[in-house]
Amino acid sequence: MVDYTFVVKKMCPICNEMTRVVKTRSRLVVEKRDEDLCVHYKNFNPYYYKIWVCENCGFASDEKTFLSVLPKNHRNTIWEFVHSHQFDVEFSETRTFPDAVASYQLALAYQEMIKGSPCKRATLTLNLAWMYRFNDDHEHEQEYMLKAAELYDISLAQERYPIDGMSDGSALYVIGAIYYRLGFFDKCTQYLSRIISDQDLRNREPRVYDKARDLWGDVRSMKKSH
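Overview of the structure. Remember, it's a predicted structure, so these values are computed and weren't measured experimentally.

**With respect to the overall build of the protein chain**
- Looking only at helices and strands, the protein chain features 9 helices and 6 strands.
- Its C-alpha atoms give the protein chain a radius of gyration of 19 Å, near enough to 17 Å, the size a compact globule of 226 residues would have.
- By its C-alpha atoms, the protein chain is 55 × 40 × 30 Å across when sized along the principal axes.
- Taking all 226 residues of the protein chain together, the buried fraction comes to 45%.
- Once local pairs closer than 6 in sequence are excluded, the contacts in the protein chain between residues at least 24 apart make up 60%.
- Summing over all exposed atoms, the protein chain offers an accessible surface of approximately 12,400 Å²; the carbon and sulfur share of this is 47%.
- Positive and negative side-chain charges in the protein chain, numbering 31 and 32 respectively, have mean positions lying 5 Å apart.

Printed below as a string of structure tokens:
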């Protein structure tokens, strides 16, 4: 484990106290990528450590949010909550599966508390689905995949992209990929067709277009086999 992680101290954006957090090193070997962009690495799972949790107040978020200056009303809302609840957060450099799941659930709870971006909530929800995938818990994996697809759909209707490095084309693709993995092939093709029929998107994001076209081919093959 020591080869893949290291501990740093960062200031919590909620309580302004220094807290230890675990970062992962970049020298990871990719074994495979799933259709919905989940990456499987050799010997180590960095998704366990994607969420930082303050050991003082219990605030949890991804690194980018943790290091950013939060809007005052968001910070006040979360501070009032953590200040009124005594969180007993035990720091550990090595996370277990329950630790990792709890960190995502906490991060999602805080995002819901401040009515955070649907795209950010969708990404956290999809990451939580992946955690269950790694643990072969298909029931919870599918539950959170469906929630993630619904949140991405809401995001596309309400938000302006790009968001956190994600384009509207890649959000459409991820929704289609989720429905593909869930076996909802008609819903999958509804979203993939929006990519494939968009000439501007094809020119602007050829990689997304190619992935959508390849997945469309997989859907056709699956339909024929059924």
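Read on for the rest.
**Side note on the pairing of strand β1 (residues 5-11)**
- Across 7 bridges, β1 lies against strand β2 (residues 18-24) in antiparallel orientation. Bridged to F6 within β2 is K23.

**Some points on the packing of aromatic side chains**
- In total, this model carries 14 aromatic pairs according to the counting rule given.
- Taking 6.2 Å as the distance between ring centres and 80° as the angle between the ring planes, the aromatic pair formed by F81 and Y110 counts as edge-to-face. Separated by 29 residues along the polypeptide, F81 in helix α2 (residues 72-84) and Y110 in helix α3 (residues 97-113) bring together distant segments of the chain.
- Classification of F81 by relative accessible area gives partly exposed; the value is 27%.
- Aromatic side chains Y180 and F185 sit 5.8 Å apart centroid to centroid with 55° between the ring planes, which places their arrangement in the tilted category. Across this residue pair, the class does not change: Y180 and F185 are buried.

**Details of the pattern of salt bridges**
- Applying the stated criterion across every chain, the model contains 13 salt bridges.
- For K120, the salt bridge identified is with D164, shortest N-O distance 3.4 Å. Within this pair, whereas K120 is found in helix α4 (residues 118-134), its partner D164 is found in the loop between α5 (138-158) and α6 (168-182), the two being separated by 44 residues in sequence.
- For R133, the salt bridge goes to E141, with nearest N and O atoms at 2.7 Å.
- Look at E141 and you get buried, because its relative accessible area is 6%.
- Salt bridges linked by common partners bring D34, D36, R133 and E141 together as one network.

Conventions adopted
Residues numbered from 1 in each chain as written. Predicted model: local features only at pLDDT ≥ 70, side-chain atom pairs only at ≥ 80, totals over all residues. Heavy atoms only, no water. Helix = DSSP H or I, 4+ residues; strand = E, 2+ residues; numbered from the N terminus. Rg over C-alpha atoms; globule rule 2.2 N^0.38 Å. Buried < 20%, exposed > 50% of the residue type's maximum accessible area, 1.4 Å probe, protein only. Contact = heavy atoms within 4.5 Å. Areas by Shrake-Rupley, 256 points an atom, 1.4 Å probe, with all protein chains shown as cover. Lys, Arg positive; Asp, Glu negative; His and termini not counted. Charge placed at Lys NZ, Arg CZ, Asp CG, Glu CD. Pairing = 2+ DSSP bridges. Phe/Tyr/Trp six-rings, centres within 6.5 Å; stacked < 30°, edge-to-face > 60°. Salt bridge = Lys/Arg side-chain N within 4 Å of Asp/Glu carboxyl O.

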